[in-house]
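# Close look at the chain arrangement
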Amino acid sequence: MDFFTLPVPPGSDPMVVEDALRQAWNACAAVYCPKCGVAAWQYCRNRTGGTLYVTRPHKPRQDAAGAPGILGPLGLNGLSWAKGKGIFVWDDRRVPEL
């Protein structure tokens, strides 16, 4: 999956982990972020030097979406961007459903 840097825990089924990551991603996308205030189906954002940048779903959004309950049993602590994707200026583009 292109959006995640989370390794598959030893002894875990990669298909089960990928399914849980998809569920957590979609759950996060479907709720607004209490930290940065973006609406559901928008990427979270951080402000650096006056510019807004796309960031992974903030922890409060993950909590509101129930992501810890989806990922926790697999030993995963949250969602993250994949390495090498770079830094992107935030706009109001829609978060894709996986």
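Above: the structure in question.
Residues numbered from 1 in each chain as written. Predicted model: local features only at pLDDT ≥ 70, side-chain atom pairs only at ≥ 80, totals over all residues. Heavy atoms only, no water.

On to the state of the cysteines, then. With the rule as written, the count across this model stands at zero disulfides. Unpaired in terms of disulfides, Cys28 finds its nearest cysteine sulfur in Cys44, a separation of 7.9 Å. Residue classification places Cys28 among the buried positions, given a relative accessible area of 1%. Lacking any disulfide linkage, Cys33 is separated from the closest cysteine sulfur, that of Cys44, by 3.7 Å. Relative accessible area serves as the criterion here: at 0%, Cys33 is assigned to the buried category. (Disulfide = S-S within 2.5 Å. Buried < 20%, exposed > 50% of the residue type's maximum accessible area, 1.4 Å probe, protein only.)

With that out of the way, let us pick up the pairing of strand β2 (residues 51–55). Side-chain positions along a regular strand alternate between the two faces of the sheet. Both strand β1 (residues 44–48) and β2 contribute to a ladder of five bridges, which runs antiparallel. When the bridges of β2 are listed, Asn46 appears paired with Tyr53. In this antiparallel pair of consecutive strands, β1 and β2, the connection spans two residues, and Gly49 shows a positive phi of 60°. (Pairing = 2+ DSSP bridges. Helix = DSSP H or I, 4+ residues; strand = E, 2+ residues; numbered from the N terminus.)

Let us now look at the side chain of Arg61. With respect to the helices and strands, Arg61 occurs in helix α2 (residues 59–65). Notably, Arg61 is buried but unbridged: the nearest opposite-charge side chain belongs to Asp63, and the N-O separation is 12 Å. In this structure the side chain of Arg61 is engaged in a polar contact, spanning 2.9 Å, whose partner is the backbone oxygen of Val31. (Lys, Arg positive; Asp, Glu negative; His and termini not counted. Salt bridge = Lys/Arg side-chain N within 4 Å of Asp/Glu carboxyl O. Polar contact = N/O pair within 3.5 Å; in protein donor to acceptor, adjacent residues only side chain to side chain.)

Bear in mind that shape data such as this cannot, by itself, settle questions of function.
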